[in-house]
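Descriptive analysis of the structure
Now for the letters of each chain:
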Amino acid sequence: MKKKLFACVVLACSLLIAELPALAHHSFSAVFDDKKPIKLTGTVTKLEWQNPHTWFYMDVRDDSGKATNWGMEMGSPNLLIRSGWSRNSMKMGDLVTIEGFRARDGSNNGNAQIVILTNTGQRLFAASSLPQPAESPKR
Amino acid sequence: MNSIAATVAALLLFASTASAQWAKNPAGSIPRTGEGKPNLSARAPKTQDGKIDLSGVWLPDMDAKGIPQGVENQVFSQYFVNITADLKQDAVPFQPSAQALFMQRLQNNGKDAPTAHCKPSGVPMLNSVPLPYKIIQTPRLIAILYEENTVFRQIFLDGRQPVKDPEPRWMGYSTGKWEGDTLVVDTVGFNDQSWLDAMGHPHSENMHLVERFRRRDAGHLEVEVTIDDPKAYTKPITYTQKATTLPDEDLLEYFCTENEKDVPLYK
C-alpha cells in the first residue's frame, strides 16, 4: 500500500481521489469498508437528526425472527435539509431497505448510501446532487 | 374564552409557520426578476461607501465533473478534496517532509483529520467545505460566519498591520484591503494542525495566505487562494474556489460534538 501511494504521488495517478472519498466530518474509509457491501431490510427504531451525521437504527430480522439492531450513518442533517428532507421524512416503524457498506470493525454499523421505503419504493434522503425519481414526492 | 383560545391557536400556528420558514426569508440585497425570482446575473450590489458588497450567504460550487462520493454520497468541490486538483500529481511542489506527512495521512484513511475529531477545518479549507458561509461586510471589518462547526473569522480593514509573533490560530490573523472591486485578504499566524483539504495536504505555521474575493455579479463569488509556505511547498499553490449565493436561505446550526459517534469506529 505504501509503495502504491508513493507511486501515486510521484507519478500521475488519477485514481487516488476515487480511492479516498471526501469527507465533511470523516473520510469514508476511516470507518467503512467498500469491500463489504450490505443490503438490509428492517424496521426503523430510532432517528438521530443531529450533526455531524444523521444516524438511524433499524431492527433486521433473520429467518428465525430474531431481531438485530443496526446503526446506519448518513450525511449531516444540514446537507439533507438543503436537499429538501426533514426529521419527519422517516417515521418510526417504517420498513426500509438500505444499500451501503459495513463498518470496518465488523460491528453492526453501516453507511446507508441508498434508503428505500420498502412498501412504496420511494427513495429517502437522496442528495440534491443525485438524480431523484420525479414521481416520489418528499415526505 | 373561545376567542382567546382561537387567538392563542392562531398565534401558535403563526409561530409554527414562522419557525418552519426561518431560513427561507428572501434576501433584500439580491435583485429580482419581474416574477420575483433572484436575478443571479444582475450587477453585483455596492455598499454606501461605493465598495462591492460581498455580504450574503454563499455555498462553495461543487465540481461540475464530480461524482457523488463519501459517507454523504454527495458531489463536492474538487478543492475541498484536493487543493492541487488543477496540477498533475507529479507537479505538486512538495517539500520532502510535507510529502511524508501527506502520505501518512492518506495511509491512515484520514482518521486523524481535525474535522474527524470535531476540530475546525480552518482557513483556507473553509472556503471549499460543502456547507454555506455568511459574509457580513462593514467598512472597517468583514466577518465570515461558517456553518461548519459554527465558527467565525474576522478580516480587519482598519489599517492595522499583521501581528508580529502571533499565537498560532486555526483561522490566523486576517487583514484586508480593496484593490478596485477585489477584496485582497492577507492572513498569517496559523497553527500547523489544520489540513488544507480532505486528502490531508499539510502546511506549516509559516503559511502566508492571500485570498482575492471578487463578486463577479449578484449571484457569484470567486475566491482566488494562494498558499505560500516554503517550509511545506517549494513554490506557491494557487486555485480559485467559486461560490454561488443562496439568496433566500440562512445558516443552520452545526455543532459537531452534538452527536459524534465515529471516533470509536475509526480503523
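In short, a report on the structure.

Cut-offs used in this document
- Residues numbered from 1 in each chain as written.
- Chains lettered and ligands numbered in written order.
- Predicted model: local features only at pLDDT ≥ 70, side-chain atom pairs only at ≥ 80, totals over all residues.
- Pairing = 2+ DSSP bridges.
- Helix = DSSP H or I, 4+ residues; strand = E, 2+ residues; numbered from the N terminus.
- Axes fitted to C-alpha atoms, helices over the stretch in contact; angles between N-to-C directions.

1. Some thoughts on the pairing of strand β5 (residues 109–117) of chain A
All names here are of chain A.
- Note: strand β3 (residues 67–73) against β5, three bridges, orientation parallel. Counterpart to Met72 in the pairing with β5 is Gly110.
- In the sheet, strand β4 (residues 95–103) pairs with β5 via seven bridges, with the strands oriented antiparallel. Among the inter-strand pairings, Thr97 is bridged to a residue of β5, identified as Ile116.
- Here β4 hands over to β5 after five residues, with Gly106 in that stretch at a positive phi of 80°.
- Where β5 lies against strand β6 (residues 123–124), two bridges are found, and the strand directions are antiparallel.

2. Some details on the sheet that holds strand β9 (residues 237–245) of chain B
All names here are of chain B.
- Around the barrel, nine strands lie side by side as β1-β2-β3-β4-β5-β6-β7-β8-β9; this closed barrel has mixed pairing. Here the strands of the sheet are splayed against their neighbours by 30° on average, with no regard to which way each runs.
- Sheet topology places strand β3 (residues 141–146) next to strand β4 (residues 151–156); six bridges connect them, and they run antiparallel. By the bridge assignment for β4, Ile142 is matched with Ile155.

These values are about where atoms sit, not about what they do.
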